[in-house]
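Chain residues, written in single-letter form:
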Amino acid sequence: MFVYRPRWLPNGSHGTQCLAMRGPLRDRISPMKIEPSGGILGARVSGIDLARPLSAADFAAIFAALGREGVLCFPGQQLDAATLRDFAQRFGRIQTSVTGKHHHPVVPEVGFLSNVIENGEPIGLADAGQDWHTDMTYNATVGFANVLYAVKVPRRDGKPLGATQFANMHAAYEDLDPALKTRLADMSATHDFNKFWESMRSRPGSTRPALTAEQRRSRPPSVHPVFLTHPITGRTVLYCNPGYAVRINELPEAESERVLKLLFEHQLQPKYQYEHVWTESDLLMWDHIGTLHNAVPDYGPDEHRLMMRCQIMADRVFDPAFVRASLEPLAAA
Ligand SMILES: [Fe+2]
């Protein structure tokens, strides 16, 4: 089996080294700063080295900011696969590759998103996330947060390509017509992995094969409330996305179609959107529960993009005890 060994790893390294813990010293001097972007989402976090273990206080501040700001950029981080995993797994279980492909050879929790071809094989998932969606809503345990580390960013004429766009689902819920909020308050939607897969397949140049019956059985649709209470902010979000939501279960089919179309148009209005333009060594983390995202495919096959990624599942974040314990240092401060 072909095993991709990342070229950016230093000679002799398997990308698993971890810097020594210097937590107590860092706790005293931590100058971490979280500056909101001024847009509808997003904040820039500086003064923190994510290659070192997080203090409880820094973890609490990042956890709270993730819910509040939706998208956090930590620029200039120097991470390898192991330190990326160690940071991500503080927030919940990391999803490992279902296919057994496109992940780090030594740290399987870290996947590759990339259009780079080596030895005739793509080293990562090349067309990941190229339309509006929220990760893993087709799953019983949904996604909580994505953590991406930019190794290679494509550029044309000096301009970075392959931006990631986000939409704010706290704001989208707040602005919904009150009558619709009341009507949909106790309703649920079915989310189907095959919807997004088929929409990617229908694109020109797609090489994705149709899912087999076995693959479809292994990822059966899942049902979630149309509106969710965000576990960190305690506010309501619109938890329905055009990538996977196929049906509002309590409505007749035609009415479900009409309402879903209305919700999708509403939530994708430019006023809810925020765009992250990548720079190498950005660590970008976003909250799936309060946002939608879209990967902009504006680069060609020879314009190389490489991201290391950890997908954090929502296995802990809906546990009030975990949230309380995570945020406790903020209350004590
Ligand atoms: Fe995604």
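What you are looking at is a predicted structure, and each value in this text was computed from that prediction instead of being measured. (Residues numbered from 1 in each chain as written. Predicted model: local features only at pLDDT ≥ 70, side-chain atom pairs only at ≥ 80, totals over all residues.)

Draft legend 1. Examining the overall build of the chain more closely. If you tally the helices and strands in the chain, you get nine helices and 19 strands. Expected size for 333 residues packed as a compact globule is a radius of gyration near 20 Å; at 20 Å, the chain falls within 12% of this value. If you line up the chain on its principal axes, its C-alpha atoms span 60 × 55 × 40 Å. Burial statistics for the chain: of 333 residues in total, 38% are counted as buried. Contacts in the chain between residues far apart in sequence, at least 24 positions, make up 81% of those at least 6 positions apart. (Helix = DSSP H or I, 4+ residues; strand = E, 2+ residues; numbered from the N terminus. Rg over C-alpha atoms; globule rule 2.2 N^0.38 Å. Buried ≥ 20, exposed ≤ 12 C-beta atoms within 10 Å, placed from the backbone. Contact = placed C-beta atoms within 7 Å.)

Draft legend 2. Main features of the nonpolar core. In this structure, Leu72, Leu84, Val147, Tyr149, Leu238 and Ile312 are the most contacted members of the largest nonpolar core, which totals 76 residues. Here the element with the most residues in this core is strand S7 (residues 143–152); it accounts for seven residues. (Core = buried A, V, L, I, M, F, W, Y, C linked by C-beta atoms within 7 Å.)

Draft legend 3. Region of interest: the packing of helix H2 (residues 56–69) against helix H9 (residues 320–332). Contact pair H2 / H9: the axes reach a minimum separation of 8 Å and the direction vectors enclose 105°. One way to sum up the angle between H2 and H9 is to call them roughly perpendicular. Residue-level contacts link Ala56, Ala57, Phe59, Ala60, Ala61, Phe63 and Ala64 of H2 to Ser326, Leu327, Glu328, Pro329 and Leu330 of H9. Looking at the contact of H2 with H9, its residues break down into ten nonpolar, one polar and one charged. (Axes fitted to C-alpha atoms, helices over the stretch in contact; angles between N-to-C directions. Parallel < 35°, antiparallel > 145°, perpendicular 65-115°, else oblique. Nonpolar A, V, L, I, M, F, W, Y, C, P; charged D, E, K, R; others polar.)

Draft legend 4. Local environment of the environment of serine 326. Secondary-structure assignment places serine 326 in helix H9. Overall, the presence of 21 C-beta atoms within 10 Å leaves serine 326 in the buried class. With 94 residues separating them in the primary sequence, serine 326 and isoleucine 232 have C-alpha atoms 9.8 Å apart.

Draft legend 5. A look at the sheet that holds strand S11 (residues 188–191). Strand order across the open sheet formed by three strands is S12-S11-S15, with antiparallel pairing between neighbours. Of all the strands in the sheet, the pair left with one neighbour each is strand S12 (222–225) and strand S15 (245–248). Strand after strand, the sheet turns through a mean of 30° between neighbouring axes, direction not considered. Bridge count for S11 against S12 is four bridges, and the pairing is antiparallel. Residue pairing across strands places serine 188 opposite proline 225, the latter belonging to S12. (Pairing = 2+ DSSP bridges.)

Draft legend 6. Representation of the pairing of S7 within the structure. Among the ten residues that make up S7, nine are buried, leaving the element largely enclosed by the rest of the structure. Here S7 pairs with strand S19 (residues 306–313) via eight bridges, running antiparallel. Paired with alanine 150 across the two strands is methionine 307, which belongs to S19. Bridging between S7 and strand S17 (residues 283–287) involves five bridges; their strand directions are antiparallel. The residue of S17 that forms the bridge with tyrosine 149 is leucine 283.

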